[in-house]
Amino acid sequence: MGQIFVNARFLTQPMSGVQRYAYEILAAVDRLLGACGDAAVVAYYPAGCEVERPDWKHIELQALRGGTGHFWEQVALWRASRNGSLISLCNSGPVLHKNQIVALHDANIYAIPQAFTWKYRVLHKCLRPVLARRAYQLVTVSAFSARELSRYCRVSPSSFRILPNSADHILRHAPETDILA
């Protein structure tokens, strides 16, 4: 197996469901890497951006120069990861990368466009179909999302593997029963 890279740009973004998904998937991967031995996995994020470092023990987190945002992803991340496999878990990734697992979460930019800024809509309506057709493997959170995404991205629903959302992270927090009062 060759080098595995992770698109960790999500660590520079506010935590929402998409970022939580990536964080939890990678925490599980990190635990599996510990059980399986030494597999080299490097997670890149844009240099100069503040990140809250996850407590990964087997995934190496590295800052990567070359801008920020989508420009960083399309140029710097692609260059750094192009000779290996890339995991992009947050609706985006470098379109030139041929050996990439891409997670597309839902089709909300098409179904409820008013919930997004026009810039975000335009970018992602262009980006997601290209990623869907070029990715080595597509992932989404439900069979419903696979059907909806396949319709808008013009790929087969069977192109998607389902890795569902979860609320397991809530179990790591002590309940605050006095809040009910």
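Notes on the structure in this doc start here. None of these values were measured; they are calculated from a predicted model. (Residues numbered from 1 in each chain as written. Predicted model: local features only at pLDDT ≥ 70, side-chain atom pairs only at ≥ 80, totals over all residues. Heavy atoms only, no water.)

Points about unusual backbone geometry
Despite not being glycine, N91 has its phi angle at roughly 70°, a positive value. Of note, N91 is situated in the loop between β4 (85-88) and β5 (100-103). The backbone of R154 sits at a positive phi, close to 60°, despite the residue not being glycine. Given a relative accessible area of 71%, R154 falls into the exposed group. (Helix = DSSP H or I, 4+ residues; strand = E, 2+ residues; numbered from the N terminus. Buried < 20%, exposed > 50% of the residue type's maximum accessible area, 1.4 Å probe, protein only.)

Quick look at the packing of aromatic side chains
Under the definition given, this model contains three aromatic pairs. Aromatic side chains F5 and Y44 sit 5.6 Å apart centroid to centroid with 15° between the ring planes, which places their arrangement in the stacked category. Remark: Y44 occurs in strand β2 (residues 41-46) and F5 occurs in strand β1 (residues 4-7); sequence separation between them is 39 residues. Both residues of the pair, F5 and Y44, count as buried. (Phe/Tyr/Trp six-rings, centres within 6.5 Å; stacked < 30°, edge-to-face > 60°.)

Regarding the pairing of β5
Pairing of β4 with β5 involves three bridges; the strand directions are parallel. Bridged to S88 within β5 is V102. When β5 meets strand β6 (residues 137-140), the two strands line up parallel, connected through three bridges. Looking at the pairing, V102 lines up with L138 of β6. (Pairing = 2+ DSSP bridges.)

Some thoughts on the nonpolar core
The biggest cluster of nonpolar side chains holds 22 residues, and the ones touching the most others in it are A8, F10, L26, A43, W56, I59 and L61. Put simply, the parts of the chain that give this core at least two residues each are β1, α1 (17-36), β2 and β3 (59-64). The leading source of residues in this core is α1, at five residues. Discounting chain neighbours no more than four positions away, the residues touching A8 are A43, Y44, Y45 and L61. I109, L131, C153 and F160 belong to the second largest nonpolar core, which has 15 residues in total. (Core = buried A, V, L, I, M, F, W, Y, C linked by side-chain atoms within 4.5 Å. Contact = heavy atoms within 4.5 Å.)

What about the pattern of salt bridges?
Considering all chains together, one arrives at three salt bridges under this definition. Between E24 and R20 there is a salt bridge, with its nearest N and O atoms 3.5 Å apart. Separated by four residues within a single helix, E24 and R20 lie in helix α1, roughly one turn from each other. Residue class for R20 comes out partly exposed when judged on its relative accessible area of 26%. (Salt bridge = Lys/Arg side-chain N within 4 Å of Asp/Glu carboxyl O.)

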